[in-house]
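Inside the fold
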Amino acid sequence: MPHAGCVPEIAPPVRMPPWFARPGARSWTCAPAPAEVREFHASLPGYAPTPLIELPRLAAELGVGRVFVKDESSRLGLPAFKALGASWAVHRALAERAGHGGAADPVTLVAATDGNHGRAVAQLARLLGQRARVFVPRGVHPEAVAAIAAEQAEVTRVAGSYDDAVREAAEAAAAPDTILVQDMAWPGYERIPGWIVEGYSTLCAEIDEQVTPDLIVVPVGVGSLAQAVVTHYRSRPAGPAPALLSVESTAAPCVIESLMAGEPVSVATGETIMAGLNCGTPSSIAWPYLRGGLDAAVAVTDADSARAADDLAALGVSAGPCGAASLAGIRAALTGDGADERRAALGLGPASTVVLLSTEGRAANPTTPGRASSMPDKITVNGGRLWRSLMDLAEVGAYDDERTGLRGVNRLALTDADAEGRRLVIKWMEQAGLAVRVDRMGNIYGRREGSDPAAAPVLTGSHLDSVATAGAFDGCLGVLGGLEVVRTLNEHGITTRRPIEVCVFTEEEGVRFGTDMLGSAVAAGRLTLEYAHALTDRGGLTLGGELTRTGFDGPADVRLEPPHAYVECHIEQGPVLAEHGVEVGVVTGVQGISWQEITIHGRAAHAGTTPTHLRADAGLAAAQIIVRLRAMVDSGNYGGLRATVGHLAVHPNLTNIVPARATLTVDLRNPDDTQIAQAEEDLAAFLRSLENSRPGLTLTTRRMARTAYVSFDEDVRKAIAQAADDHGLEHVSLLSGAGHDAQEIAVLCPTAMIFVRGEYDGISHNPREYSTPEACAHGVDVLATTLLRLANQD
Ligand SMILES: [Zn+2]
């Protein structure tokens, strides 16, 4: 269907925090925790109730009566609440062991931790004269690890997630005389986690002595503290029950996802400054309490939490990112679109009393001394989501390829299929919050605003058009990779200094209208808009007409304002990365390409009657050219020259007639401009000598294409290589043998490319084209970190 002259319409995205509410949670009931927990804690040396600090300024901001922060920044000698649970659980476990007559042997307490729980277990072991072994996942700050080791625990670093660390700890605890002290439960391991949860009840018991809340806001990782809070407030015999709101990180929203699913589910976790909340699966014993007793759940970004921590610090409360998540969560609930409904779901009025549980102090999480350092320097994308987008897009213009038996892609530029693919990507861009503009060449730009909107943006992208027998990756990886970077930045709540723009260039392949890199060449100013609009396809349709027909003759100016930098991620389309056994390549440049067509006119003559010395044989001359080109390559006089005669036709192409005419194409490539020019010159001289060698032989040449060698920017290349190093990815530098949009944009700004390995010798422009999900994710990880760093440059 034609969409004459308009940009496709897509509804603007609605900005709302991840949110779940359950009416009736306040009337749900359960059994209470044992009363003796409080007495046990009171008997410990150094025990004192933690302060409940009233903050009137926050009450005014949130439109409620009173706001208190339960400040757990100093609890039993640790900067977090966790020792309440660990101490009661170890007390119970050792008491039970004594009851079984095993008290004489020392035990090893084993735990996995994101920091504070492990430190609490280690401290208890030391105080009780036992041993401790603590498993620490990736991403825990070295200072947190050092604090655990300082309690004389044996620390084992696990090269995986929190869940992986828990698994290793559980395996280690299979040894005799060991006790696994884990705050996360799973089927078959529920008693000790249950005791840990009981231990946390002391925190609520203290609040009871201080204030009567209408709402408690609790950060959740696996949900143990939330279980304790639900147990406490849903087991009291009488009186109005407070509402309970859980807060988690958008990088690990396992509780909210589980509540939405109606059953416990695991989520893939990302990176977050809220290390203690970075859990992918709710605790199995917590789940029934979370499902029944929580009024609502919300998720917040790193930026929300960092801001809340700064604000609390300004009000005199030391809160780490997990502790400050409570303030970030209530803010997310009570502001923005739909805030009134969320306020009503929490039963809040202007006189309500809110208690924010600040579960840790700043010292508990050494990664975030302040906002400046809360901006991560490295981000990891969601490879599964990237892959789904690649596969979804590949369905647009898909066809069954008879030759390979595979599913191929056919999206020639500005056909209906290309337009459909473009609309899908624009929809995804809008859903990711990008402001989309389309220029007069149909080039698409999705802009993510920076904190300094006046700063030149960092540009990334590629193309969506394909050859007629394509795969799913060529061009699409660069566009959807850029989109995935944006989605990841959104999840982390990161605002870069510079804007980031994701672009789609029109007719990169050059298959339909005959000129490749067309959209980017016009955007960069090498070709004019008039030239491009007048180009026709084989059916005589103009590019300008097809832009109008598909609705992509946008209003934006086609000349691109120089970006700060351009980075394009693309499949290699060659075998070099596979040869080196690496997934990622840093592209040093695009070699010069020279295409010409040579037509040789000879004389048709009878094969039997015409003496050899009288012939003007066009076919022979063509063969001499082919042999000469190979000799030039083999001579080594032209450096890395590549020469190909890919098309050869002789006329009249009959068995017994000396060819009257021959046409052939010559494709020369060289990373050195001087050498490719020398090769062209020497070939021209050879053609002249060939012409002179035979009366009746004439040669004409027509230039088809000529691009100069483009050297990519050294600083951008270094940034890419550094990002690959920081992601632990081996990489090699290589030259691009194929042309790319990046070589056009390189005249505007510092530019470089990331190559991703292809399987089957990097075959491309074929349905067999394939890069693994892992290779794609790793390439886009490198893209993400590179863009993040470039976008934060001055
Ligand atoms: Zn491409």
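Residues numbered from 1 in each chain as written. Predicted model: local features only at pLDDT ≥ 70, side-chain atom pairs only at ≥ 80, totals over all residues. Heavy atoms only, no water.

- The record held by UniProt for the chain lists under Cofactor (unreviewed entry) the comment "pyridoxal 5'-phosphate". (UniProt positions renumbered as here; feature names shortened; annotations may be inferred.)

Re the overall build of the chain
- A tally of helices and strands in the chain yields 25 helices and 29 strands.
- For the chain, the spread of C-alpha atoms along the three principal axes comes to 120 × 60 × 45 Å.
- Looking at the chain as a whole, 56% of its 794 residues are labelled buried.
- Counted over contacts in the chain with a minimum sequence separation of 6, partners at least 24 positions apart contribute 77%.
- When the accessible area of the chain is evaluated, it comes to approximately 31300 Å², of which 51% is carbon and sulfur surface.
- Separation between the mean location of the 66 positive side-chain charges and that of the 94 negative ones in the chain comes to 1 Å. (Helix = DSSP H or I, 4+ residues; strand = E, 2+ residues; numbered from the N terminus. Buried < 20%, exposed > 50% of the residue type's maximum accessible area, 1.4 Å probe, protein only. Contact = heavy atoms within 4.5 Å. Areas by Shrake-Rupley, 256 points an atom, 1.4 Å probe, with all protein chains shown as cover. Lys, Arg positive; Asp, Glu negative; His and termini not counted. Charge placed at Lys NZ, Arg CZ, Asp CG, Glu CD.)

Some remarks on the confidence of the model for the chain
- Overall, the prediction assigns the chain a mean pLDDT of 90, with 96% of residues at 70 or greater.
- Scored below 50 in pLDDT, residues 1-14 makes 28 contacts in the model with residues more than four places away or belonging to other chains.
- Contacts of residues 367-373 to residues separated by more than four positions or lying in other chains number twelve contacts, the stretch itself having pLDDT below 50. (pLDDT = per-residue confidence, 0-100.)

Regarding the packing of aromatic side chains
- Enumeration according to the criterion identifies nine aromatic pairs in this entry.
- Measuring from ring centre to ring centre gives 4.7 Å for W186 and Y189, while their planes differ by 25°; the resulting arrangement is stacked.
- The side chain of R487 reaches across the aromatic face of W428, ending 5.8 Å from its centre. (Phe/Tyr/Trp six-rings, centres within 6.5 Å; stacked < 30°, edge-to-face > 60°. Lys NZ or Arg CZ within 6 Å of the ring centre and 35° of its normal.)

Focus: the domain arrangement of the chain
- Looking at the chain, the domain boundaries give domain 1 (19-80 + 198-365), domain 2 (92-182), domain 3 (383-589 + 710-791) and domain 4 (592-707).
- Taking the mean C-alpha position of each, domain 2 and domain 3 sit 48 Å from one another. (Domains from an automatic or database assignment.)

Thoughts on the coordination of the zinc ion
- Protein-derived ligands of the zinc ion are H463 (NE2), D474 (OD) and H570 (NE2), with the metal-ligand distances lying across 2.0 to 2.2 Å.
- On the primary sequence, the residues serving as donors to the zinc ion are separated as H-x10-D-x95-H. Taken together, the positions of H463 in strand β16 (residues 458-463) and H570 in strand β18 (residues 565-571) put the pair 107 residues apart, joining distant regions of the chain. Each of the two residues, H463 as well as H570, counts as buried. (Donors = N, O, S within 2.8 Å, 3.2 Å for Na, K, Ca; no water.)

A word on the pattern of salt bridges
- The tally for this structure, following the rule as stated, stands at 40 salt bridges.
- In this structure, E206 and R75 form a salt bridge, with 2.9 Å as the shortest nitrogen-oxygen distance. Residue E206 is found in helix α7 (residues 191-210), and its partner R75 is found in the loop between β3 (66-71) and α3 (83-99); the two are separated by 131 residues along the sequence.
- The buried category is assigned to E206, whose relative accessible area is 0%.
- For R75, a relative accessible area of 1% puts it in the buried group. (Salt bridge = Lys/Arg side-chain N within 4 Å of Asp/Glu carboxyl O.)

Observations regarding the sheet that holds strand β5 (residues 131-136)
- Taken together, four strands build an open sheet; the order of strands is β6-β5-β4-β7 and the sheet is parallel. Every interior strand has two partners, whereas the edge strands, β6 (154-157) and β7 (178-180), have only one. Here the average twist between neighbouring strands, direction ignored, is 20°.
- Of the strand pairs in this sheet, strand β4 (residues 108-112) and β5 are connected by five bridges, and their pairing is parallel. In the strand pairing of β5, T108 is matched with R131.
- Most of the contacts of helix α6 (residues 162-172) go to β4, to which it runs at about 160°, and overall it touches β4, β5 and β7. (Pairing = 2+ DSSP bridges. Axes fitted to C-alpha atoms, helices over the stretch in contact; angles between N-to-C directions.)

Thoughts on unusual backbone geometry
- The omega torsion across H651 and P652 is 0°, close enough to zero to call that bond cis.
- By the element assignment, P652 lies in the loop between β23 (648-651) and β24 (657-658).
- With a phi angle near 60°, L414 is a residue other than glycine that sits in the positive phi range.
- Looking at the element boundaries, L414 is found in the loop between β13 (407-409) and α15 (416-431).
- A positive phi angle, close to 65°, is found at Q573, a residue other than glycine.
- We classify Q573 as partly exposed; its relative accessible area is 24%.

Here we look at the environment of V633
- Tracing the chain through its elements places V633 in helix α21 (residues 618-635).
- You can call V633 partly exposed: its relative accessible area is 27%.
- Along the primary structure V633 and A565 are separated by 68 residues, whereas in three dimensions their C-alpha atoms are 36 Å apart.

So, the side chain of T599
- You can see T599 is positioned in strand β20 (residues 592-601).
- Exposure remark for T599: the relative accessible area of 13% places this residue in the buried category.
- Ignoring anything within four residues of it in the chain, the contact list for T599 reads R661, A662, T663, T698, L699 and T700.

Description of the environment of L109
- Residue placement: L109 occurs in strand β4.
- Using a relative accessible area of 1% as the deciding quantity, one classes L109 as buried.
- Taking the C-alpha atoms as reference points, L109 and L124, 15 residues apart in sequence, are found 9.1 Å from one another.
- Ignoring any residue separated from it by four or fewer positions in sequence, one finds L109 in contact with V90, V121, A125, R131, A132, R133, I179 and V181.

Description of the UniProt feature "domain: Peptidase M20 dimerisation" (unreviewed entry) in the chain
- Summarizing the sequence annotation, UniProt attributes the feature "domain: Peptidase M20 dimerisation" (unreviewed entry) to residues 589-689 in the numbering used throughout.
- Secondary structure across residues 589-689 comprises 35% helix and 33% strand; the distance between its end C-alpha atoms is 35 Å.

Observations regarding the side chain of K82
- If you trace the backbone, K82 turns up in the loop between β3 and α3.
- Sequence-distant contacts of K82, defined by excluding residues within four places in its chain, comprise N116, H117, A120, D183 and Y200.

Quick notes on helix α11 (residues 302-314)
- With 13 residues, α11 should reach 18 Å at 1.5 Å per residue; the first-to-last C-alpha distance of 18 Å fits that figure.
- The set of residues buried in α11 consists of D302, S305, A306, A308, A309, D310 and L312.
- If you follow the buried residues of α11, they end up packed against α2 (56-62), β3, β9 (243-249), β10 (296-300), α12 (321-334) and α16 (476-492).
- Just downstream of α11 lies G316, where phi reads positive at about 90°. (Expected span 1.5 Å × (residues − 1).)

Describing the packing of α16 against helix α25 (residues 773-791)
- Running from N to C, α16 and α25 cross one another at 60°; their axes reach a closest spacing of 9 Å. With respect to their mutual orientation, α16 and α25 come out oblique. For the element pair α16 and α25, the recorded crossing hand is right-handed. Each of L477, G481, G482, E484, V485 and L489 in α16 lies in contact with α25, whose residues at this interface are C776, V780, L783, A784, L787 and L788.
- Taken together, the residues of the contact of α16 with α25 break down into nine nonpolar, two polar and one charged. (Parallel < 35°, antiparallel > 145°, perpendicular 65-115°, else oblique. Left-handed = near helix turned anticlockwise from the far one by under 90°. Nonpolar A, V, L, I, M, F, W, Y, C, P; charged D, E, K, R; others polar.)

Brief notes about the state of the cysteines
- Evaluated as defined, the whole model comprises zero disulfides.
- Free cysteine C254: the closest other cysteine sulfur is in C279, separated by 6.4 Å.
- There is no disulfide at C569, and the cysteine sulfur nearest it, in C776, is 7.8 Å away. (Disulfide = S-S within 2.5 Å.)

Regarding helix α19 (residues 543-550)
- When we look at burial in α19, the residues that qualify are L543, G544, E546, L547 and T550. With its buried residues spanning 165° around the axis, α19 presents them on a single face.
- Where α19 is buried, its residues meet α15, α17 (518-524) and α18 (529-534).
- Where α19 terminates, the next one or two residues include G551, which has phi positive at roughly 85°. (Arc of directions from axis to C-beta.)

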